[in-house]
Structure formats: structure tokens, C-alpha cells
Amino acid sequence: GPEPAPAAAPSGAVDLDAARALAKVADGARGAKRARALELAARAYDRCASRLDAPRSGAAHWAAAELWRRHGSLLRAEQAYLRAARADRRRYGQRALSGAADMQRRQLRRDAARKTYEAAEREEVLRAIAEADAAEAREIAAAAEALEAAENVAMVERHERAEAERAARERAGAAADAAAA
């Protein structure tokens, strides 16, 4: 029979491939062609990000921000950095906030930049605390596991001693019975 048609790639994958291809064109271009390729690539990444769920859209927002920055569109770069920070706080929070603050600084919006830099610093502190908490939780889990293993060994040893004592009593009782007979 006829071969089935190949499955179409999800539109998000096609959009990402197109955005990556446009970004490659920008890397090799100069002048107006480069500016246009950067703009098209950034718009393509913005479109991709709008179609993805929050954590997955972080990378697309980040890529768009970087392209807008290279294009010289500071406000669009700032907005994309902020969207990346919101979409995937763990991966992009601190560095995307720093990127947004840099764009604000370059727009001479010093108060906004100062506040955003402070937010980036808080994000860095929160991340460090979360990493320390995770390390402490791993240590506690390992200690609890070791304690449980030690308790299991002690329980087996107590059981073996009790069995040995019972067997010794049985032998002593049998020997006493044999002597009395």
C-alpha cells in the first residue's frame, strides 16, 4: 500500500527551527541585512515563547532578549529579559534581571536599573539559600538512611542473639531431660 505521510513537526518546533536559522543568518550578515535578520529572529523567538508554557518559554524569551540587545532595541530586550526571568526563575531569574537592568541603564533609566539590579542580587541570594537548603536536605536524607540501616543491622543482631539464646535453652533442656532419664 501507499506509505503514510511523515508526521508533521509540531508548530513550536518549526518556529524554533526558523528562529535559529534566522539567528544564524544574522551571525554571518553585516549592516542593514544583519539588523533585519536580528529583528526577524528576535520576533520569531518572541512568537515561539508566546506558544510555550512558562518554564519552556524561558529559553525562547532569553534568546529573543539577546537578539534584541544585539539589534539595539533596548526596550524590547529589557521586556524579553523580564519575561525570561518570570518564565523560568530557576534558570534565568538572576541573569535575566541583570540583563534587564543593563538595558534600563543603557536607556538612562537609572532608578529603574538600580531597583532591577537589587532584585537580581536578591534573586542570587535566594538561589544560594535554596542551593544550601537542598544540600542540607540531601545530608539529612543520607544521615536518616544511614541511621535506618544501622537500626536494621541492630534489629537483625538482636534477633540472631535471641534465636541463639533460645536454641541454647532448648539444648540445655534436652541435655537435662537426657540426664534425668
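These numbers were taken from a predicted model, which means no experiment stands behind them.

What counts and what doesn't
Residues numbered from 1 in each chain as written. Predicted model: local features only at pLDDT ≥ 70, side-chain atom pairs only at ≥ 80, totals over all residues. Heavy atoms only, no water. Helix = DSSP H or I, 4+ residues; strand = E, 2+ residues; numbered from the N terminus. Buried < 20%, exposed > 50% of the residue type's maximum accessible area, 1.4 Å probe, protein only. Areas by Shrake-Rupley, 256 points an atom, 1.4 Å probe, with all protein chains shown as cover. Lys, Arg positive; Asp, Glu negative; His and termini not counted. Charge placed at Lys NZ, Arg CZ, Asp CG, Glu CD. Axes fitted to C-alpha atoms, helices over the stretch in contact; angles between N-to-C directions. Parallel < 35°, antiparallel > 145°, perpendicular 65-115°, else oblique. Left-handed = near helix turned anticlockwise from the far one by under 90°. Contact = heavy atoms within 4.5 Å.

## A look at the overall build of the protein chain
Part 1: From N to C terminus, the protein chain includes six helices and zero strands.
Part 2: Walking the protein chain from its N terminus toward its C terminus, one meets helices and strands in the order α-α-α-α-α-α.
Part 3: The proportion of buried residues among the 181 residues of the protein chain is 27%.
Part 4: Accessible surface, the protein chain: about 12,000 Å² in total, of which carbon and sulfur atoms supply 56%.
Part 5: For the protein chain, the distance from the average site of its 33 positive side-chain charges to the average site of its 29 negative ones is 14 Å.

## As for the packing of helix α3 (residues 54-71) against helix α5 (residues 89-106)
Part 1: Running from N to C, α3 and α5 point in directions that differ by 25°, and their axes come no closer than 12 Å. What the angle tells us is that α3 and α5 run roughly parallel. Here the hand of the crossing between α3 and α5 comes out left-handed. Each of Gly58, Ala59, Trp62 and Arg69 in α3 lies in contact with α5, whose residues at this interface are Tyr92, Arg95, Ala96, Met103 and Arg106.

## Some points on the environment of Leu40
Part 1: Looking at the element boundaries, Leu40 is found in helix α2 (residues 31-51).
Part 2: In this structure Leu40 comes out as partly exposed when scored by relative accessible area, which is 30%.
Part 3: Along the backbone, Leu40 and Ala19 are 21 residues apart, and their C-alpha atoms lie at a distance of 7.8 Å.

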